[in-house]
Amino acid sequence: MWSTRTAIAAAATLAIGLTAAACGDSGDKATGAGQGGLTVPKVPMRQSLGQGEGQVNLVAWAGYAEDGSNDPKVDWVTPFEKQTGCKVNTKVAGTSDEMVTLMRTGEYDAVSASGDASLRLIASGTVAPVNTKLVPNYADVFAGLKTKPWNSVNGVPYGIPHGRGANLLMWRTDKVKAAPDSWGAVFDGNSPYKGKVTAYDSPIYIADAALYLMSARPELGIKNPYALDQKQFDAAVGLLKTQRGLVGEYWSDYTKEVQAFKSGDSVLGTTWQVIANLAQSEKAPVEVALPKEGATGWSDTWMVGAKAKHPDCAYKWMDWIVSPKANAQVAEWFGEAPANAKACAETSDKKFCDTFHATDETYFSKVHFWTTPIAQCLDGRKDVKCVDYSKWTQAWTTIKG
Amino acid sequence: MDDDQGLTAGRRPALRRRAAALLHRRPRLRLSLLLSAPLAWLVAGYLGALAAIFVTAFWTTDVFTGEVVRQFTLANFQTLVDEPVYRTVALRSLGVAAAVTVIDAVVGVPMALYMAKVAKPRHRPYLVIAILAPLWAAYLVKAYAWRVMLAEGGLVNEALKPFGLSGPGYGLTATVIVLAYLWLPYMILPVYTGLERLPDSLLDASGDLGARPLRTLRSVVLPLAFPALVAGSIFTFSLSLGDYITVKIVGGRRQLLGNVVYDNIGAANNLPFAAAVATIPVVVMLGYLAAARRTGALREL
């Protein structure tokens with residue numbers, strides 16, 4: 001039984017703690033390392049491979065490590081397990097932030113990190129540099145994907161490119177009368193689909209608003225949706241606050257979005273090709289398109305954890321997932337451009353690589369790949385400071401209200 | 001040699017006897033030895049975790065790498081106070097918790113009263129099992145079942161259609177309904193126990209003195225059952241205040257305190273700020289418990 005005396009004592013302790021707290025140093029000491037001056041912790045690179053440890057723990061996007069449980073025809077995990085003896089345990093993550101958090105636990109061996117997570121993982125020493133000599137299939141990866149700012153530091157590769165693609169606009173063909181061709185459809189304050197619009201539940205979605213403002217309000221001068229100064233950032237946040245009135249729900253759990261589109265609770269909103277595939281396979285009348293403004297997108301990289309307990313199997317997995325056949329399968333299932341040039345010959349739809357512009361670098365110049373926003377503007381501006389990712393996350397809570 | 005062995009053998013039972021005698025003479029010592037293990041667990045595992053939350057709330061995270069910076073700052077609490085959104089979310093969470101508690105009380109008290117005083121004694125165990133049965137199903141299964149029922153064209157909408165009505169859709173109303181459903185057993189059981197202890201003779205006496213049933217309910221049953229009701233409300237209130245899964249599933253675009261904590265851990269990887277947010281429900285619950293203590297409800301737990 002809690003006596004009054006104990007309660008008073010507890011309250012007093014609390015008060016003393018608070019006073020002590022108030023007297024201390026209250027300066028905000030959080031610092032962000034810039035991309036230019038990125039200091040990378042020394043993590044050793046693996047020099048040779050052993051037999052494999054019998055299993056491997058992956059953090060992956062939905063649809064990246066299919067073992068036939070979603071669709072019996074879609075399975076590139078089982079052949080890998082048979083060939084290498086590495087049992088695959090997959091943890092599906094809904095957002096890049098979740099991936100960073102999961103990898104920091106040290107319990108996972110490899111991760112399919114997007115550009116808004118990879119640099120954070122490198123800077124915190126969570127992932128190790130990758131010895132590409134141990135990944136034979138790396139030789140066939142498109143040159144346009146190798147040693148990019150989001151998968152390497154100072155020319156040292158930190159991962160194996162997996163594929164790339166765009167965030168698309170999805171709608172219910174029976175509920176949305178005219179097929180939308182602009183992101184304006186999800187930002188228009190007078191939308192007839194009020195309460196049925198859906199949006200991605202992550203701070204990085206602010207970039208989608210910024211991308212729309214690039215063409216809708218050119219006077220703001222946004223060049224890169226991940227390099228926003230305070231004025232541009234406020235405009236994007238303002239747009240998203242207007243959008244909140246239209247949104248029925250925010251999604252980060254892909255099964256939730258599939259169900260919402262199937263039942264008609266959501267009729268219009270941002271999506272991934274794999275979600276559209278799943279919804280269509282469950283007979284939901286949905287269609288996707290890349291709007292005329294272009295889109296945000298991802299370029300994913302398989303990285304190996306610095307404290308990986310099964311590094312040999314992780315390397316074997318990285319080599320497997322960019323092998324022509326597996327890379328073609330995963331690219332077709334997820335709906336993204338493959339990383340391996342030879343994968344284009346292995347796709348079941350022979351025009352697949354053309355449809356997804358796998359070799360078309362000018363197309364991908366219109367897709368703005370997820371990148372972690374930092375204080376030094378990524379678009380090269382020196383006269384202003386840009387809004388960093390921690391402000392993006394706090395703004396995201398404010399946007400949702 | 002022999003001598004020595006005889007001595008040791010003779011001393012040991014003496015020591016044991018003396019220890020036993022000491023423990024017999026000092027019941028407090030006996031009690032504290034008995035309780036030290038569970039108490040150590042309570043202090044280290046439970047209060048220790050609370051203290052860790054509180055300390056973490058004064059740290060920050062490195063923006064870029066996400067590492068926790070162990071340096072004292074009030075910045076997290078500053079943000080909590082300065083940003084109106086956190087006040088809105090806190091008040092919204094309180095409102096949801098209060099609404100769930102009121103609904104559970106209104107639904108739960110008649111059910112508990114029926115179980116304790118009206119139903120035949122041999123039926124009571126079965127009624128208790130019926131109340132407990134939903135707790136055997138997983139929380140997520142029940143929440144997703146409600147998501148499907150509340151969906152467009154779902155069971156709720158179809159059932160209301162003949163009356164020209166439609167369901168609440170996903171949002172705060174849906175959240176309150178689902179939470180009230182989930183936590184109802186936690187309200188019924190303490191109230192049932194409280195009412196069962198109420199002697200029937202009091203009800204008879206009230207009747208003999210000319211009170212009608214409603215008057216008996218108001219002047220005899222409710223005052224005596226009130227501590228039990230408060231005890232139940234502690235469960236429903238605290239469980240609702242900390243929930244973040246139900247609102248994610250049926251809450252539409254709404255967020256509660258639990259979601260802000262979750263987003264700051266899961267998405268933003270800002271453990272210190274999450275800890276700062278988590279102190280809000282802790283403080284609210286301490287206040288609630290202090291108020292509940294006055295009614296004697298803690299004795300009903």
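Residues numbered from 1 in each chain as written. Chains lettered and ligands numbered in written order. Predicted model: local features only at pLDDT ≥ 70, side-chain atom pairs only at ≥ 80, totals over all residues. Heavy atoms only, no water.

### Details of the overall build of chain B
When its secondary structure is counted, chain B shows 13 helices and two strands. Against the globule reference of 19 Å for 301 residues, chain B gives a C-alpha radius of gyration of 27 Å, more extended than a compact globule. Across its three principal axes, chain B shows a C-alpha extent of roughly 100 × 75 × 35 Å. Taken over 301 residues, chain B has a buried fraction of 38%. When contacts within chain B are restricted to residue pairs at least 6 apart in sequence, long-range pairs at least 24 apart make up 68% of them. Averaged over its 29 positive side-chain charges, chain B has a centre that lies 8 Å from the centre of its 17 negative ones. (Helix = DSSP H or I, 4+ residues; strand = E, 2+ residues; numbered from the N terminus. Rg over C-alpha atoms; globule rule 2.2 N^0.38 Å. Buried < 20%, exposed > 50% of the residue type's maximum accessible area, 1.4 Å probe, protein only. Contact = heavy atoms within 4.5 Å. Lys, Arg positive; Asp, Glu negative; His and termini not counted. Charge placed at Lys NZ, Arg CZ, Asp CG, Glu CD.)

### Observations regarding the overall build of chain A
The secondary structure content of chain A amounts to 14 helices and 15 strands. The globule rule puts the C-alpha radius of gyration for 401 residues at 21 Å, and the 23 Å found for chain A is close to it. Considered along the principal axes of its C-alpha atoms, chain A spans approximately 70 × 55 × 55 Å. In chain A, which comprises 401 residues, the share counted as buried stands at 58%. A total accessible area of about 16000 Å² is found for chain A, and carbon and sulfur atoms account for 54% of it. Positive and negative side-chain charges of chain A, numbering 41 and 42 respectively, have mean locations separated by a distance of 3 Å. (Areas by Shrake-Rupley, 256 points an atom, 1.4 Å probe, with all protein chains shown as cover.)

### Notes on helix α8 (residues 172–196) of chain B
If you check α8 of chain B, its first and last C-alpha atoms are 35 Å apart, about what 25 residues at 1.5 Å a residue would give, namely 36 Å. Taking the largest bend as the criterion, α8 of chain B deviates by roughly 45°, centred on W183 of chain B, and proline P185 of chain B comes between one and four positions later. (Expected span 1.5 Å × (residues − 1). Bend = angle between axes of the 7 residues up to and from the residue.)

### Details of the pairing of strand β8 (residues 168–172) of chain A
Residue and element names in this part refer to chain A. Among the five residues that make up β8, five are buried, leaving the element largely enclosed by the rest of the structure. Because side chains alternate across β8, one face comprises the buried residues L168, M170 and R172, and the other comprises L169 and W171, equally buried. As defined by bridge partners, β8 adjoins strand β11 (residues 268–271) across four bridges and the pair is classed as antiparallel. In the strand pairing of β11, M170 is matched with G269. (Pairing = 2+ DSSP bridges.)

### Examining the domain arrangement of chain B
All names here are of chain B. Structurally, chain B comprises domain 1 (2–56) and domain 2 (75–300). Computed from C-alpha atoms alone, the centre-to-centre distance between domain 1 and domain 2 is 41 Å. Residue-level contacts link four residues of domain 1 with six residues of domain 2. For the pairing of domain 1 and domain 2, the buried interface totals around 390 Å² over both sides, and the portion due to carbon and sulfur atoms is 85%. Among the residues domain 1 hides against domain 2, the three largest losses belong to I53, F54 and T56. Together they make up 86% of the total. Inspection of the domain 1/domain 2 interface yields zero salt bridges. At the boundary of domain 1 with domain 2, the tally comes to zero residue pairs in polar contact (both at pLDDT 80 or more). Looking at the side of domain 1 that touches domain 2 residue by residue, the class counts come to three nonpolar, one polar and no charged. (Domains from an automatic or database assignment. Buried area = accessible area lost by both parts, 1.4 Å probe. Salt bridge = Lys/Arg side-chain N within 4 Å of Asp/Glu carboxyl O. Polar contact = N/O pair within 3.5 Å; in protein donor to acceptor, adjacent residues only side chain to side chain. Nonpolar A, V, L, I, M, F, W, Y, C, P; charged D, E, K, R; others polar.)

### Topic: the packing of aromatic side chains
Residues and elements named next belong to chain A. Summed over the entire model, instances satisfying the criterion amount to 29 aromatic pairs over all chains. Judged by centre distance (4.9 Å) and plane angle (70°), the rings of Y64 and F334 are edge-to-face. A residue pair is termed long-range when its members are at least 10 positions apart, and Y64 in the loop between β1 (55–60) and α2 (77–84) and F334 in helix α11 (residues 324–334) qualify at 270 residues. For F334, a relative accessible area of 2% gives the class buried. Taken together through their ring pairs, the aromatic side chains of W61, Y64, Y200, W251, W272, W298, F334 and W370 make up a single cluster. K146 extends its terminal NZ or CZ atom over the ring of Y138, reaching a point 4.7 Å from the ring centre. The ring of F364 has R164 lying over it, and the distance from NZ or CZ to the ring centre is 4.3 Å. (Phe/Tyr/Trp six-rings, centres within 6.5 Å; stacked < 30°, edge-to-face > 60°. Lys NZ or Arg CZ within 6 Å of the ring centre and 35° of its normal.)

### Regarding the packing of helix α9 (residues 200–208) of chain B against helix α10 (residues 213–242) of chain B
Residues and elements named next belong to chain B. α10 packs onto α9 with a crossing angle of 160° between their chain directions and a minimal axis gap of 10 Å. When the interaxial angle is binned, α9 and α10 end up roughly antiparallel. As for how α9 packs across α10, the hand of that crossing is right-handed. On α10, the residues touching L202, L203 and S206 of α9 are T216, V220, V221 and L224. Residue composition of the contact of α9 with α10, grouped by class: five nonpolar, two polar and no charged. (Axes fitted to C-alpha atoms, helices over the stretch in contact; angles between N-to-C directions. Parallel < 35°, antiparallel > 145°, perpendicular 65-115°, else oblique. Left-handed = near helix turned anticlockwise from the far one by under 90°.)

### Some details on the nonpolar core
By size, the foremost hydrophobic cluster in this structure holds 123 residues, and its most contacted members are W76, F187, I206, W272, W302, W317 and W392 of chain A. In terms of domain composition, this core takes at least three residues from each of domain 1 (55–165 + 297–369) and domain 2 (168–271 + 373–400) of chain A. With near-sequence residues (within four places) excluded, F187 of chain A lies in contact with Y205, D208, A209, Y212, L239, L240, Q243 and L246 of chain A. Listed in part, the 19 residues of the second largest apolar core include L150, V176, L179 and W183 of chain B. (Core = buried A, V, L, I, M, F, W, Y, C linked by side-chain atoms within 4.5 Å.)

### Some remarks on the side chain of Q255 of chain B
Topologically, Q255 of chain B is positioned in the loop between α11 (245–250) and α12 (257–267). One polar contact links the side chain of Q255 of chain B to the main-chain carbonyl oxygen of T397 of chain A, over a distance of 2.9 Å. Of the polar contacts made by the side chain of Q255 of chain B, one reaches the backbone oxygen of G401 of chain A; its length is 3.0 Å. Discounting residues that sit within four places of it in the chain, Q255 of chain B has contacts with T397, K400 and G401 of chain A together with V89, R92, V260 and D263 of chain B.

### Points about the pattern of salt bridges
Enumeration over the complete set of coordinates arrives at 16 salt bridges over all chains. For the salt bridge of K248 of chain B with D201 of chain A, the shortest nitrogen-to-oxygen distance reads 3.6 Å. Note that K248 of chain B is positioned in helix α11 and D201 of chain A in the loop between β9 (197–200) and α6 (206–216), a pairing that runs across two chains. A salt bridge links D200 of chain B to K117 of chain B; the nearest nitrogen and oxygen atoms lie 3.1 Å apart. Separated by 83 residues along the polypeptide, D200 of chain B in helix α9 and K117 of chain B in helix α4 (residues 84–118) bring together distant segments of the chain.

### Some points on the side chain of R147 of chain B
With respect to the helices, strands and loops of the structure, R147 of chain B is situated in helix α6 (residues 139–150). In this structure R147 of chain B comes out as buried when scored by relative accessible area, which is 1%. The residues touching R147 of chain B, leaving out its near neighbours within four places in the chain, are E249, K256, Q259 and A260 of chain A together with Y170, I249 and V250 of chain B.

### Here we look at the state of the cysteines
Residues and elements named next belong to chain A. Summed over the entire model, instances satisfying the criterion amount to three disulfides over all chains. Between the sulfur atoms of C86 and its disulfide partner C313 the distance amounts to 2.0 Å. Sign of the S-S torsion, about -80° for the bond between C86 and C313, identifies this disulfide as left-handed. In this pair, C86 is assigned in the loop between α2 and β2 (87–92) and C313 in helix α10 (residues 311–321), connecting sequence segments 227 residues apart. Grouping residues by exposure puts C86 and C313 together as buried. Disulfide connectivity for chain A, with bonded cysteines indexed by sequence position, reads 1-2, 3-4, 5-6. (Disulfide = S-S within 2.5 Å.)

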